[in-house]
Each structure stands twice: as C-alpha cells, then as structure tokens.
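# Structural description and commentary
So the chains spell out like this:
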Amino acid sequence: MSRFLIHRALIALLVAITVSIIGFTLLRLSGDLASALAGDTATQAQIANTAHLYGLDRPLYIQYFDWVWKALHGDLGRSLFTNEPVTFLIGQRIGVTVQLSIMSLVFALLIAIPLGVVAATRPNSWIDRASLGLAVLGQGMPNFWFGLILIIVFGVSLRWLPISGTDHFSNFIMPTITLGTSVMPAIMRLTRTGMLDALDSDYIRTARAKGLSTGSVLFKHALRNAILPVVSLTAVSLGFLLGGSVIVESVFALNGIGFLAFQSILRTDFPVVQSIVVFVSFCYILLTLVSDMINAYLDPRIRLG
Amino acid sequence: MTSIERDRVIISSPAPTYEIEIEAPSPHMIMRRRALTHPGFLFGATIVLATVLIALCAPLLTPYDPYAQDLSQRLIPPVWALKGSWAHLLGTDAMGRDYLTRLMYGARVSLTIGFGAAAIAGIIGTSLGLIGGYFGGWVDSVVMYLVNVKLALPGILVALSLIEVFGGSVFSVTLILGVLFWDRFIVVTRSVTQQTRVADYVTAAEAVGASRLRIILGEVLPNVLNHIIVIASLEMAVAILVEAALSFLGLGIRPPTPSWGLMISEGRNFMFFQPYLVAVPGIAILVLVVAINMLGDGIRDITAPEGRN
C-alpha cells in the first residue's frame, strides 16, 4: 500500500510543478506585465523602472523560482486592478465556491445514486429509461442556459427564489441545481453500470441464495463494490466543480472565485487569474490523491496489489 | 447465431437440382440492419444531417441577412405569440435581425467549432494514445503524466484566459478548444492499443519484420478507429457546449457573428419580457448536442462486435 501511495504522491508532485509552470507561462503570455503595472500613461523610462522594481527584468526562470518561493510563503502577489493581495481576494471568496460545489455535489449524488441503483435493478423498465433520458438531457443542456431558464421560471414568473446574491441559503438553491445537473449524469451512469456488473456477479447470487433481504443484497453487497469508481468520479467532479463554477457563478452573480476569475480575465488582471488556475489545479490534484487513498482503503485489490 | 461462412445446401430431388444459397449476412448488412433498427442512431443522424444541411444552405433558405439591422423591426415576438408575424417565424432580436436566420447561420459556428475542435483533439489524443499504448514503459508514463496535467488544469478557465490573449475568432476558439480537450482520446486509444498489441496478428506482423510505424498505422489504428469516432462525437458535443458558454460569457465568439451562446447572452437583457430570445438558441444547442451524443452512442452500438453491447 505504501509503495502505491508514494508512487501516486510523486506523480501528483510532478503534475503540481508542471501546472505551476503553465500558470506562470499564462501570466507571461498575457502581455507586457511591466507596462500594465506602470499604467496607460507611463513613459518608456517609467515602464523600465517598474520592470526593475518588480524584478521583471530578471531571467524568466529566476522570476519563476521567486514566484514559487513567495507562493510557498503565502504571497501570491497583488491584483493589478485593486492592488489587494491575491491571497486575500481568494480567501474572501473561496467559501462561496466551496459551499456551492459541495451543495451541487450532494445534490447530484442524492439524485444520481438512488436513480442509478433503481435503474440497474430494473433494466429497461420505465424508470431506467426515464433516468437515462434525464442523463441525456442533463448532459446536453448548456448549464448557463439552464440557470437562465430557472431564473425566468422560479425567480421572475413564480417569484419563489432570489435571482442573485450570496446572503441567504435560498440564494444557493438555483445555482446548486444548475451546477449539480452538470455532474449528475456521469455519476448516475457510472452507478448504473457498476451496479449492473455487481448484480451479475457470483457473490450476489450467493448472497441471494443464502436468503439475504433485497435491501441487504443491494446496499451492503452490491453497492459497496459498485461505488468504488463513483468515489473516484466524485473527487474528480469536485475538482471540476471548483473550476467549472465560473459559468454558474457568473450567471447568478455569486461572488465566488469563479466569478472573481471571470472578472479578472475581463480586466486582464492576470496575477489573479494565474493564482486561481494554479489554486484550482492544486485542489484537484489533492482531491484525486485523497480519492486514490480512499479507494486503496476500500479495495484490497489496489491496497495489496 | 448465424454463421459468417457461406453455406451451400444442395437439395437433390428426382427431377432438376435446385441450388439454394443460404447466405449469412455480411458485416455490412449486419451494421445496416442494426443502424435501421436503432432509434437513437436514426434520431441523432437525422438531426445532425439536417443541421449540417441547414448550415450549408442557410443563404438559400432565408431571405434575410443575419447581420442586417433594422431598428423598426426590433423585438418582434415569434409567430405563435400574440403579436407575432409570419414574416419572422422566430421573431427578431433587439437589433431587428431575423432570429431564425441568425439561428441558421449560428449552426455554422457551432458545427465548425465542434467539428474542428474534435478533429484537432482527436489527432493529438489518438497519436499520443497510440504511442503510449504501443511502446509502454517510460513513454507510456510520459503520456499518462500529460493526461494528469491536462486533467488538473481547470479547462474553462484556461480556455477563457487563452481566448482573452489570442482573440475570439472562430479559428482561435476552435484551436484553443482542440488543444485543450484531448485527454479522453488518449485514455481510450491507449487502452485499446494495449489490448491490440498483444494480439496474434500484431505478433505476426512483428515477426514478418513490419516497421513499428506500419504496425501502429496498419494493424492497431483500424481497431481503435470506431472508438475514436465515438469519442469524437462526444468531444464535438462538449466543444459546442463550451463554445456556447464562452461566447455567453462574452469571451468567445465576438459580435456580430451569430453564435448560439452569444445570442443567449444578447437575449439575456430582454429575457424577462421576451423569454424566446433566450429559450430558442438554448433549445437549438440542447437538440444538436443531444443528437450528436445519440449518434455517437448509436455508432458504438452498431459497430460493436456481435453479441457485445
């Protein structure tokens, strides 16, 4: 087990380093940082002065190591737009995004797993077909559009829910449904396939033969095995949600890091964009590592293999 | 199960000899039969084909110019609404442009970007998957490491930043999406290649002394091809959705090009009074994406070897 995990951790570290280099390159691609920092009216001398002040006249690899060194000490630089520290900006908004992502994931799991299990126990029944149809719709729907439709129906016509803001729990209902719908189909399909495979296996026949109740067979024996790939997918989905919430946050004007990233791209405030890209990537890398550990713990074939 | 071999049964009777050929269906006939009895495939193929035709023939199908603004004709509701007019079946937008015309020309943008991005991603992903799966060892490790890096990056955020840097033309959006969404091609191609490279005919080809390039292209690639088509259809659908999202955020295709995502974004300001401005392009995206997904699933079912689903 330890060998497997060390191997995974090493790959994760390597990927993290690469992602940080890509994030750093993204900032350089965005144009001349010094002239952006110095402002529109700056003269050539002032730009050169700014470049020197911020160390932008040094070789690129030194700038990269400098950036990594500062990042490791909690300094991600300052926003070009508000001049606030990026760590402060992210810290201020990360709560909203995490709350939205976790609520969406819970929403998706609450619908996807029961539906997947029921669909697998009755293949080709109406409920199987209905859940498949739901998955197809969920996959094909542009989620920003779904959000707008929810706003039109529940926010404006029926006036049940507030259409923007972050103050109250009810602000999160429509964004949660919108974002949750985008990850629900994959989880449902995977649960269904996993359950179909599990229900077809010998140990389930044995469990049934020895007279266990249907509930016990389904949930204690079959689901336990079928859930393994779903655990990985859930971790991956959470990482995806953290990065993918940019669209939904923009539709509902939720003040999370996705919305911050979107605004920063519009303002060409690339230090913020770069930090969010690297930050979200690191969350994803960490989540997949954790899911590998959970899987190794749940599945002796991986743990001992 | 019918045998693939061709059986000849000769029935000899006192008078003339009848030769009856009992012909087992050829693989092509099996595929055709499966295709014609597969509702998902038929639905998907029809919609996709119709969309392609509409996109190609848009100038013949509509008398209007998708860019021509006419402020005296602005915000006419669709024909089924109370104040609708037969002159504009789906009404007009805030600039007085015919909405159906914009929708038809918008199909061009969606299809071009979807197809182009899937093709670019397919070429990158399939080559890397073939190389990783065939050579294994450290080459494979490098390929998988690339996949891990790609998966870790938040795709939409990176796409948004790149488009902001390189501009939002149809060409650059296609290129950026193609360069960002190749991971699924790698994963699938790689695993099929791993299975294929230990097959007897590959060993035989190696024994005959065929070059690696020839084995990869001649023996392995044909086995991967139908998987690639399925993934390509999925990625085409994803690219269409992402393009719509980027354009909706104002960081994809730039106005006045008619893109469905951009149309939703422009309609958003009027959505409380004219909800069709948002509903119509959204439904168009939904129908096209669902159709492409069904077409892909259908191709997978149809080309699957006998007895497998």
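Starting from 1, residues in each chain are numbered consecutively following that chain's sequence as written. Note on labels: chains are lettered from A, ligands numbered from 1, in written order. Since the coordinates come from a predicted model, pLDDT governs what is reported: local features require at least 70, and pairs of side-chain atoms require 80 or more to be given and counted, while whole-chain, interface and lining totals use all residues.

### Some points on the overall build of chain B
To keep things clear, this is the line we draw: Helix and strand assignments follow DSSP, with helices taken as H or I runs no shorter than four residues and strands as E runs no shorter than two, numbered in order from the N terminus. Throughout, the radius of gyration refers to the C-alpha atoms, and the reference size of a globule is 2.2 Å times the residue count to the power 0.38. To sort residues by exposure, count the other C-beta atoms lying within 10 Å of each residue's C-beta; 20 or more gives buried, 12 or fewer gives exposed, and values between give partly exposed, all with C-beta atoms placed from the backbone. Note that contacts rest on C-beta atoms placed from the backbone: two residues are in contact if these are within 7 Å.
Within chain B, the secondary structure is distributed over eleven helices and two strands. If you list the helices and strands of chain B from N to C, you get β-β-α-α-α-α-α-α-α-α-α-α-α. Relative to the globule expectation of 19 Å for 309 residues, the C-alpha radius of gyration of chain B, 25 Å, shows a markedly less compact shape. Referenced to the eigenvectors of the C-alpha coordinate spread, the extents of chain B come out at roughly 85 × 65 × 25 Å. Out of the 309 residues belonging to chain B, those deemed buried represent 45%. A sequence separation of at least 24 residues applies to 68% of the contacts in chain B between residues at least 6 apart.

### Considering the overall build of chain A
Scanning chain A from terminus to terminus reveals 13 helices and zero strands. Going from N to C terminus, chain A has its helices and strands arranged as α-α-α-α-α-α-α-α-α-α-α-α-α. Dimensions of chain A along its principal axes, counting C-alpha atoms only, are 85 × 60 × 30 Å. Buried positions account for 39% of the 305 residues belonging to chain A.

### Remarks on the interface of chain B and chain A
Residue-level contacts link 31 residues of chain B with 35 residues of chain A. Going through the elements one at a time, helix H4 (137–152), helix H5 (155–166), helix H9 (212–248) and helix H11 (276–303) of chain B are the ones with two or more residues in the side of chain B that touches chain A.

### Some points on helix H7 (residues 143–157) of chain A
Worth spelling out the cut-off: Multiplying 1.5 Å by the helix residue count minus one yields the expected span of that helix. One fitted axis covers the seven residues ending at a residue, a second covers the seven starting there, and the bend at that residue is the angle between these axes.
Taking 1.5 Å per residue as the helical rise, H7 of chain A with its 15 residues ought to reach 21 Å, and the 20 Å between its terminal C-alpha atoms agrees with that figure. In H7 of chain A, a bend of some 30° at Ile151 of chain A exceeds every other bend along the element. Those residues of H7 of chain A not exposed but buried are Asn143, Phe144, Trp145, Phe146, Gly147, Leu148, Leu150 and Ile151 of chain A. On its buried side, H7 of chain A packs onto helix H8 (173–199) and helix H10 (214–252) of chain A together with H9, helix H10 (260–267) and H11 of chain B.

### Overview of the packing of H4 of chain B against helix H7 (residues 183–196) of chain B
Residue and element names in this part refer to chain B. Heads up, the rule is: Angles shown run from 0 to 180 degrees and are taken between the N-to-C directions of axes, each axis being a line fitted to C-alpha atoms and, for helices, limited to the stretch in contact. Note on convention: near helix rotated counterclockwise from far helix by under a right angle means a left-handed crossing. Clockwise means right-handed. Under the scheme applied here, ten amino acids are nonpolar (Ala, Val, Leu, Ile, Met, Phe, Trp, Tyr, Cys and Pro), four are charged (Asp, Glu, Lys and Arg), and all others, including Gly, are polar.
Contact geometry for H4 and H7: axes closest at 10 Å, N-to-C directions at 150°. In this structure, H4 meets H7 at a crossing whose hand is left-handed. Here Val143, Val147, Lys150 and Leu151 of H4 lie close against H7, whose contacting residues are Asp183, Ile186, Val187 and Arg190. The residue makeup of the contact of H4 with H7, split by class, is five nonpolar, no polar and three charged.

### Some thoughts on unusual backbone geometry
Going from Pro255 of chain B to Pro256 of chain B, the amide bond is cis rather than trans, its omega being 5°. Following the sequence through the fold, Pro256 of chain B ends up in the loop between H9 and H10. A positive phi angle, close to 65°, is found at Asn83 of chain A, a residue other than glycine. When you line up the elements, Asn83 of chain A lands in the loop between helix H4 (60–72) and helix H5 (86–121).

### Describing the confidence of the model for chain A
Quick reminder of the rule: Per-residue confidence from the prediction method is given by pLDDT, with values spanning 0 to 100.
The share of residues in chain A with pLDDT of 70 or more is 96%, and the mean pLDDT across the chain is 83. Within chain A, no element has a lower average pLDDT than helix H13 (residues 300–304) of chain A, which sits at 67, and none a higher one than H5 of chain A, at 89.

### Re the environment of Phe107 of chain A
Residues and elements named next belong to chain A. By the element assignment, Phe107 lies in helix H5. Look at Phe107 and you get partly exposed, because 19 C-beta atoms sit within 10 Å. Those residues within four positions of Phe107 in sequence are excluded, and the remaining contacts are Thr176, Ile177 and Gly180.

### Some remarks on the nonpolar core
Where a protein is soluble and globular, its nonpolar side chains tend to be buried together. Quick reminder of the rule: Here, a nonpolar core denotes buried Ala, Val, Leu, Ile, Met, Phe, Trp, Tyr and Cys residues that are linked to one another through C-beta atoms within 7 Å.
Counting residues in hydrophobic clusters, the biggest one holds 157 residues, and the most contacted among them are Ile276 of chain A together with Ala159, Leu177, Ala239, Ile240 and Ala245 of chain B. Not counting the four nearest positions on each side in its chain, Ile240 of chain B is found in contact with Ser110, Ile113, Gly114, Ile285, Leu288 and Val289 of chain B.

### What to know about the packing of helix H1 (residues 2–29) of chain A against helix H12 (residues 270–298) of chain A
Geometrically, a packed helix pair is captured by the angle between its two axes and the distance between the axes. Residues and elements named next belong to chain A. This is how it is decided: An angle below 35 degrees is treated as roughly parallel, one above 145 as roughly antiparallel, one from 65 to 115 as roughly perpendicular, and anything else as oblique.
Between H1 and H12, the shortest axis-to-axis distance is 9 Å and the interhelical angle comes to 170°. Looking at the two axes, H1 sits roughly antiparallel to H12. A breakdown of the residues in the contact of H1 with H12 according to their chemical character gives 19 nonpolar, four polar and two charged.

### Here we look at the environment of Ser35 of chain A
Residues and elements named next belong to chain A. Tracing the backbone shows Ser35 in helix H2 (residues 33–38). In this structure Ser35 comes out as partly exposed when scored by C-beta crowding, with 16 C-beta atoms within 10 Å. Along the backbone, Ser35 and Ala48 are 13 residues apart, and their C-alpha atoms lie at a distance of 8.4 Å. Apart from residues lying up to four places away in sequence, Ser35 is in contact with Ala42 and Ile47.

### A closer look at the environment of Gln69 of chain B
Residue and element names in this part refer to chain B. Assignment of secondary structure puts Gln69 in the loop between helix H2 (39–61) and helix H3 (99–135). On the basis of neighbour count, Gln69 is assigned to the partly exposed category, with 14 C-beta atoms found within 10 Å. The spacing of Gln69 and Met95 is 26 residues in sequence and 5.4 Å in space, taken between C-alpha atoms. Beyond its immediate stretch of four places on either side in the chain, Gln69 contacts Met95, Gly96 and Arg97.

### Quick look at the confidence of the model for chain B
Residues and elements named next belong to chain B. Averaged over all residues, the pLDDT of chain B equals 83, while 91% of them reach at least 70. Considering each helix and strand of chain B separately, the mean pLDDT is smallest for strand S1 (residues 7–11), with a value of 52, and largest for H3, with 91. When the criterion is pLDDT under 50, residues 1–6 qualifies, and its contacts beyond four places in sequence or with other chains add up to seven contacts. The ipTM, which scores confidence in the relative placement of chains, is 0.85 for this predicted complex, and the corresponding pTM is 0.86.

### A word on H2 of chain B
Compared with the 33 Å implied by 1.5 Å per residue over 23 residues, the 28 Å span of H2 of chain B between its first and last C-alpha is markedly short. Residues of H2 of chain B that are buried: Phe41, Gly44, Thr51 and Ala58 of chain B.

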